[in-house]
Amino acid sequence: MENKRINGNDLLALGYKENHAMGVALKINKKRLGFSREQMLAKFKDVLDRPESYLNDKTFKPLAEVLLNIDAIEKETISLNETPDEYAVYGEDHIEEGAKKQMDVAMTLPVTVAGALMPDAHQGYGLPIGGVLATNNAVIPYGVGVDIGCRMALSVFDLPSDYLDTNRENLKKVLLANTRFGAGHGYLKHERVDHPVLDNELFDTHDLIRSLKDKAWTQLGSSGGGNHFVEFGVIDFTEADENLGVARGKYLALLTHSGSRGLGATIAGHYTKLAKDICKLPYAAQNLAYLDLNTAEGQEYWLAMNLAGDYASACHEVIHDKIKTALGAELLAKVENHHNFAWKEQFEGEEVIVHRKGATPASKDTMGIIPGSMATPGFLVRGKGKETAINSASHGAGRLMSRTQAIKTLAAADLKTMLEHHGISLLGAGMDEAPMAYKDIYTVMAAQSDLVDIVAKFSPKVVRMADDGSRED
């Protein structure tokens, strides 16, 4: 009990209100500063009762200043909509309350037009992962997410599925030689490749992005950490797909998942802070701070976000080109889609900004890829254009348990047994990415049968992930 984390309920019990003072207090508590839990609670109570006594205290001064100015702060605070519209929820029985509560808050923003929650939804920062939000001429950095433009890319090769059986060891070598994983990791100067994305004028005209160019070049063609992967598998087309030009059959395929690396993470952090400084929302909604697209700051973020999306796409292009060359194979089809992004789209006859934080675009006939886990199938899909879902679908199976919970409760022996049962070779990854930490992909797909049609099923067989325990960056 002594070291149990202090949370908002503890502060409410002391007499704090759900406002900016609570946010400052929780930020101070993260540092803990050598105090026990009880000592910190006593300090927080004393600052609440006598804030003027802490104006010279290095640690608690920010909290004291907020408490003394709380009325003025709240006068500047943007009011939320007390009667928000309802929103569609897909697969509601399998979505945690925390994700629903976050979506409820997002619907109260004065710029919100419509929302939807996908069946893989779980709690995140600001907008829940699996949340879709349409706004009026405003973009929310935390509605886009930290890993801007994170995406899936699929290459279908002219090689039969049994190529995996006879060439597995070579395929492992191909993955190890042509990928790079881990947060902060990249390529040495003599290993780097060029790409037109690095010629974007923002690398010359935007101070922040100019400072990130070398990092962007270093990490071009790499995959970061966390749930990012590069994997070979078998894709099964039970029927020919004329639009893709792929005949019925089973083929060797390459599937990748990663985003904009350090470039996107830095852009996200910078503009989230800027949005919070400009857009003063109530405490419960502060991570949904938005930028008006008619302002210089909004336009800056929009351009930077699109660059990060283009950069993420370039990373996949580099990986797929390297591996295609290493295989000496021909490409039958390639499909790519992204999430953690904002688009200008038409909704009910009006232009809106659609945020898809961990959600796949699924407009009519739009192709998408919805992965399961390292040991469960993913699906190549075609969107149906369901307006109540804001033309979206899930971006995967969705987490069933947190990374920490997975590491503490799941057994490595069970993972090994599962991988062997499905004939999967795993290169890297930790227990936080074990299939048991994810929702059942078939349940998730059943919950969105109104949103997408399944075109083909992808079964992973040789999976490469970060082996240093790092998360996405």
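Residues numbered from 1 in each chain as written. Predicted model: local features only at pLDDT ≥ 70, side-chain atom pairs only at ≥ 80, totals over all residues. Heavy atoms only, no water.

Quick look at the overall build of the protein now. Secondary structure assignment for the protein yields 16 helices and 17 strands. For 473 residues, the compact-globule formula gives about 23 Å, and the C-alpha radius of gyration of the protein, at 23 Å, lands near that figure. With respect to the three principal axes, the spread of C-alpha positions in the protein is 75 × 50 × 50 Å. Put simply, the protein has 473 residues, and 55% of those count as buried. The long-range share in the protein, meaning contacts at least 24 apart out of those at least 6 apart in sequence, stands at 75%. Here the protein displays about 21000 Å² of accessible surface, and carbon together with sulfur accounts for 48% of that area. Side chains of the protein give 51 positive and 64 negative charges; the mean places of these two sets differ by 6 Å. (Helix = DSSP H or I, 4+ residues; strand = E, 2+ residues; numbered from the N terminus. Rg over C-alpha atoms; globule rule 2.2 N^0.38 Å. Buried < 20%, exposed > 50% of the residue type's maximum accessible area, 1.4 Å probe, protein only. Contact = heavy atoms within 4.5 Å. Areas by Shrake-Rupley, 256 points an atom, 1.4 Å probe, with all protein chains shown as cover. Lys, Arg positive; Asp, Glu negative; His and termini not counted. Charge placed at Lys NZ, Arg CZ, Asp CG, Glu CD.)

Attention now moves to the pattern of salt bridges. This model, assessed by the stated rule, comprises 21 salt bridges. Here Arg180 and Glu191 are joined by a salt bridge, their closest N and O atoms 3.3 Å apart. Here Glu191 lies in the loop between helix 8 (163-178) and helix 9 (202-205) and Arg180 lies in the loop between helix 8 and helix 9, a separation of eleven residues in the sequence. Residue classification places Glu191 among the partly exposed positions, given a relative accessible area of 27%. Note that Arg403 is salt-bridged to Glu433, the shortest N-O span being 2.7 Å. Taken as a pair, Arg403 in helix 14 (residues 403-409) and Glu433 in the loop between strand 16 (425-427) and helix 16 (441-446) lie far apart in primary sequence, 30 residues in all. Classification of Arg403 by relative accessible area gives buried; the value is 12%. Beyond isolated ion pairs, a larger network of salt bridges with shared partners links Arg399, Arg403, Asp432 and Glu433. (Salt bridge = Lys/Arg side-chain N within 4 Å of Asp/Glu carboxyl O.)

Within this model, the second largest pocket holds a volume of roughly 160 Å³. Among the elements that line the lining of the second largest pocket, the one with the most residues is strand 2 (residues 112-122), at three residues. Partitioning the lining of the second largest pocket into residue classes produces six nonpolar, two polar and four charged. (1 Å grid on protein atoms, 1.4 Å probe; cavity = no way out; pocket = protein on both sides within 12 Å on 5 of 7 lines; lining within 4 Å. Points joined across faces, edges and corners; volume = space filled by probe spheres on them. Nonpolar A, V, L, I, M, F, W, Y, C, P; charged D, E, K, R; others polar.)

On to the packing of aromatic side chains, then. Using the criterion set out here, one finds seven aromatic pairs in the structure. Ring geometry for Phe44 against Phe60: centres 6.0 Å apart, planes inclined by 85 degrees, an arrangement best described as edge-to-face. With Phe44 in helix 3 (residues 37-49) and Phe60 in the loop between helix 3 and helix 4 (61-68), the pair connects residues that are 16 residues apart, well separated along the chain. Classification of Phe60 by relative accessible area gives buried; the value is 1%. Between Phe341 and Trp343 the ring centres are 5.3 Å apart and the planes differ by 70 degrees, which places this aromatic pair in the edge-to-face class. Clustering of aromatic rings is evident, with ring pairs tying together Phe44, Tyr54 and Phe60. Geometry around Trp343 places Arg356 over its ring, the cationic atom sitting 4.9 Å from the centre. The ring centre of Tyr438 lies 5.0 Å from the NZ or CZ of Arg399, which sits over that ring. (Phe/Tyr/Trp six-rings, centres within 6.5 Å; stacked < 30°, edge-to-face > 60°. Lys NZ or Arg CZ within 6 Å of the ring centre and 35° of its normal.)

The next point concerns the packing of helix 2 (residues 20-31) against helix 4. The description of two packed helices rests on the angle between their axes and on the distance between the axes. The N-to-C vectors of helix 2 and helix 4 enclose an angle of 175 degrees; their axes lie 9 Å apart at closest approach. The orientation of helix 2 with respect to helix 4, classified from their angle, is roughly antiparallel. In this structure, helix 2 uses His20, Ala21, Val24, Ala25 and Ile28 to contact helix 4, whose residues at the interface are Pro62, Leu63, Val66 and Leu67. Broken down by class, the residue content of the contact of helix 2 with helix 4 amounts to eight nonpolar, one polar and no charged. (Axes fitted to C-alpha atoms, helices over the stretch in contact; angles between N-to-C directions. Parallel < 35°, antiparallel > 145°, perpendicular 65-115°, else oblique.)

Most of strand 7 (residues 249-258) sits inside the fold, with nine of its ten residues counted as buried. Summarising the sheet, strand 5 (residues 151-160) and strand 7 pair through seven bridges and their orientation is antiparallel. Paired with Pro160 across the strands is Tyr251, a residue of strand 7. Inspection of the sheet shows strand 6 (residues 229-237) paired to strand 7 by nine bridges, in the antiparallel sense. Bridge assignment links Phe232 to a residue of strand 7, and that residue is Leu254. (Pairing = 2+ DSSP bridges.)

We now examine helix 8. One full turn of an α-helix is made of 3.6 residues, so residues set three or four places apart face in the same direction. For helix 8, with 16 residues, the first-to-last C-alpha span of 19 Å runs short of the 22 Å given by 1.5 Å per residue. Considering bend angle alone, the principal kink of helix 8 is centred on Glu169 and spans about 60 degrees. Buried residues of helix 8: Tyr163, Leu164, Leu171, Lys172, Val174, Leu175 and Asn178, and no others. In this fold, the buried residues of helix 8 make contact with strand 5, strand 6, strand 7, helix 13 (296-327), strand 16 and strand 17 (452-465). (Expected span 1.5 Å × (residues − 1). Bend = angle between axes of the 7 residues up to and from the residue.)

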